[in-house]
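For reference, the chains in residue letters:
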Amino acid sequence: MTAKRVSREDVARLAGTSVAVVSYVVNGGPRNVSPERRARVLAAIEELGYVPNPIARSLAGSGTGTAGMIVPNLDNSFFAELALAVEEAALQSGRLVFVGNSAENRERETAYVQSFVRHRVDGMIFIGVSKQMSLQFAVDADIPVVVVDRPNPHSLIRSVSIDHVEAADAATSHLLSHGYDTFACVTGMESTFVSDERLEGFSTALRRVNLEANVILRAAYSFAGGVEAWESLRKQDAMPRAVFCASDDQARGLVSAAIADGVFVPEQLAVASIDGTKQAATLRPSLTTVRQPSSVLARAAVRRLFDDSQTELHWEIPTELIIGRSCGCRP
């Protein structure tokens, strides 16, 4: 009978550490491992006679000059701009990018992760559909991963994002500066990580001035989601004076539907959002929005993916409040 091949899981179990740490020791990165952990892993490797999988070693070693990127929805203006920015940043580092559109589907997302691993990409930039990230297959294959737009501070996987709470607080605080005192929030679906963070930032700004939201709505991060939110909002007993939308696409849909129903924006309904996409500026009235700079996020993600000197687990990118006319300002 053929003896069972010793796996990284066996080494990790004996060393009392994670499979990822074993991979970092075997491949010399991409993350630093403490001397004490490294010694435990090396001792376990020697005791068990572990021989690294040659396919995994080729993944970590020679490289293919490619990277994979998975986004939840390329119909979303922000994700489309970010994908283009990642492609440009990766080209500057000498790599081509394959983009997978998971279409808000976890099974499709997992299939893309597995496909990218089988095609031996040098690294993967990942924006997950939900809080349950489909990344174990990539971790087991020693593929470096950077999570973008979804902070992941308690994992060994690196991440790059804005402070979503702070961004929502900034947009809402600007609406408050106009003196509005009745508010609605349109955030994303409950399964999406940033939806709750942006709702928290909105609520924090209102609590600071002893106000509460009149209504909180959940909708897809899309133009259609904004239209659906407006249909719910217009049925309320009293129309709020201001609305914070958690994404530009939601805000564009809501503003367009409100105007189509004869509501004046911002004279009757003020709106602010997050993303800072190019389409936000072309809306009439132009959107007031907190910009998360796609080009900066892209460059940071690519650098963290391929530069072993970047040891921090999480990078936070600053945002900028862009004043449009939807809030009531005359920029």
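In this text, all values refer to a predicted model and were calculated from it rather than measured experimentally.

Trainee: Explanation requested: the state of the cysteines in the structure shown.
Mentor: Throughout this description, disulfide means a covalent bond between two cysteine sulfur atoms. Under the criterion given, the structure shown has 0 disulfides. With no disulfide of its own, cysteine 245 has cysteine 185 as its nearest cysteine by sulfur position, at a separation of 8.0 Å. A residue is classified by how much of its surface remains accessible, and cysteine 245, at 0% relative accessible area, is buried.

Trainee: How should I be thinking about the sheet that holds strand S9 (residues 270-275) in this particular structure?
Mentor: What links the strands of a sheet is backbone hydrogen bonding, and the strands pair in either a parallel or an antiparallel sense. Spatially, 6 strands are ordered S7-S6-S8-S9-S10-S12 in an open sheet, and the strand pairing comes out mixed. Each edge of the sheet is formed by a strand with only one pairing partner; in this case those strands are strand S7 (215-218) and strand S12 (320-322). Across the sheet, the mean angle from the axis of one strand to that of its neighbour is 15°, orientation sign disregarded. Judged from the 4 bridges that link them, strand S6 (residues 183-187) and S7 form a sheet pairing that is parallel. Across the sheet, residue alanine 184 finds its bridge partner in S7, namely valine 215. Those strands touched by helix H10 (residues 223-233) are S6, S7 and strand S8 (242-245), and its axis lies near 145° from that of S7.

Trainee: Can you walk me through the environment of glycine 100 in this structure?
Mentor: Counting through the fold element by element, glycine 100 comes out in strand S2 (residues 96-101). Here the alpha-carbon distance between glycine 100 and isoleucine 157, two residues 57 residues apart in the chain, equals 20 Å. In this structure glycine 100 touches Met69, Ile70, Val71, Tyr112 and Phe116, once residues within four positions along its chain are discounted.

Trainee: Could you clarify how one ought to interpret the sheet that holds strand S3 (residues 123-126) in this entry?
Mentor: The strand order across the open sheet built from 6 strands is S2-S1-S3-S4-S5-S11, with neighbouring strands paired in parallel fashion. Both edges of this open sheet fall to S2 and strand S11 (314-316), since each of them pairs with a single strand only. When the angles between neighbouring strand axes are averaged without regard to direction, this sheet yields 20°. Strand direction decides the pairing type here: S3 and strand S4 (residues 145-148), joined by 3 bridges, are parallel. Looking at the pairing, isoleucine 125 lines up with valine 146 of S4. Packing of helix H13 (residues 294-306) onto the sheet brings it into contact with strand S1 (66-71), S3, S4, strand S5 (158-161) and S11, and relative to S5 it is tilted by some 170°.

Trainee: Please explain the side chain of threonine 289 as it appears in this structure.
Mentor: Structurally, threonine 289 can be placed in strand S10 (residues 288-291). Given a relative accessible area of 2%, threonine 289 falls into the buried group. At 2.8 Å, the side chain of threonine 289 and the side chain of aspartate 248 are in polar contact.

Trainee: How do you make sense of the pairing of S6 when you look at a structure like this?
Mentor: It is a general feature of regular strands that their side chains alternate between the two faces of the sheet. With 5 of its 5 residues buried, S6 lies for the most part within the structure. Alternating positions in S6 separate into two faces, Phe183, Cys185 and Thr187 on one and Ala184 and Val186 on the other, with burial throughout. Here S6 runs beside S8; their pairing, made up of 4 bridges, is parallel. Note that in S8 the partner of phenylalanine 183 across the bridge is alanine 242. A crossover links S6 with its parallel partner S7, the connecting element being helix H9 (residues 193-208), and its sense is right-handed.

Trainee: What exactly am I supposed to notice about H10 here?
Mentor: Each α-helix winds once per 3.6 residues, and so residues spaced three or four apart point in a common direction. Of all the positions in H10, only Gly225, Gly226, Ala229, Trp230 and Leu233 are classed as buried. Buried residues of H10, viewed axially, fall in a sector of 140°; they line one side. Its buried side turned inward, H10 meets S6, S7, S8 and helix H11 (248-260).

Parameters and conventions
Residues numbered from 1 in each chain as written. Predicted model: local features only at pLDDT ≥ 70, side-chain atom pairs only at ≥ 80, totals over all residues. Heavy atoms only, no water. Disulfide = S-S within 2.5 Å. Buried < 20%, exposed > 50% of the residue type's maximum accessible area, 1.4 Å probe, protein only. Pairing = 2+ DSSP bridges. Helix = DSSP H or I, 4+ residues; strand = E, 2+ residues; numbered from the N terminus. Axes fitted to C-alpha atoms, helices over the stretch in contact; angles between N-to-C directions. Contact = heavy atoms within 4.5 Å. Polar contact = N/O pair within 3.5 Å; in protein donor to acceptor, adjacent residues only side chain to side chain. Right-handed = clockwise from strand over helix to strand, strands pointing away. Arc of directions from axis to C-beta.

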